[in-house]
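The chain contents come next:
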Amino acid sequence: MQIDLTLLENAVTEIFTEMKKRGIDSVPLDADYYWNIPSEALYDPYQEPNQLDLGQLQDDYETLRLAHATGSLVSYNLKNIAAIMRFLSEKHPF
């Protein structure tokens, strides 16, 4: 299976467009820290993760903001975006 990046881009754009039509231009960060499964265990369904660590949404957002402002966004920043998107989908569904 191949993941079509254009499909992902269009889907996110459509969702954000709909949120903005509903007057949602920003959302409150009413949670900050979250449990994170380290990458090496995340996609191994045959072993139960034995180590969790903490991520921080505020840090993810500031990392993205700074990378965007300095023109230094890289694909690794998708990890920051993923954490924020999960927060949005679970805490602020429209």
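Section: the nonpolar core
If you look at the biggest cluster of nonpolar residues, it comprises 6 residues: L57, L64, A83, I84, F87 and L88. When contributions to this core are tallied by element, the ones reaching two or more residues are α3 (57–69) and α4 (78–91). It is α4 that contributes the most residues to this core, 4 residues altogether. Apart from the residues lying within four places of it in its own chain, the contact partners of L57 are L29, A31, D32, Y34, A83, I84 and F87.

Structural notes on the pattern of salt bridges
Oppositely charged side chains can pair when the atoms bearing their charge come close. In this structure the tally under the stated criterion is 3 salt bridges. The salt bridge involving R65 is made with E62; its shortest N-O contact spans 2.9 Å. Remark: E62 and R65 occur in helix α3; sequence separation between them is 3 residues, near one turn of the helix. You can call E62 partly exposed: its relative accessible area is 34%. Across the pair R86 and E90 runs a salt bridge whose closest N-O atoms are separated by 2.8 Å. Here E90 and R86 lie together in helix α4, a separation of 4 residues that amounts to about one turn. Just as R86 is exposed, E90 falls in that class too.

Rules used in this analysis
- Residues numbered from 1 in each chain as written.
- Predicted model: local features only at pLDDT ≥ 70, side-chain atom pairs only at ≥ 80, totals over all residues.
- Heavy atoms only, no water.
- Core = buried A, V, L, I, M, F, W, Y, C linked by side-chain atoms within 4.5 Å.
- Buried < 20%, exposed > 50% of the residue type's maximum accessible area, 1.4 Å probe, protein only.
- Helix = DSSP H or I, 4+ residues; strand = E, 2+ residues; numbered from the N terminus.
- Contact = heavy atoms within 4.5 Å.
- Salt bridge = Lys/Arg side-chain N within 4 Å of Asp/Glu carboxyl O.

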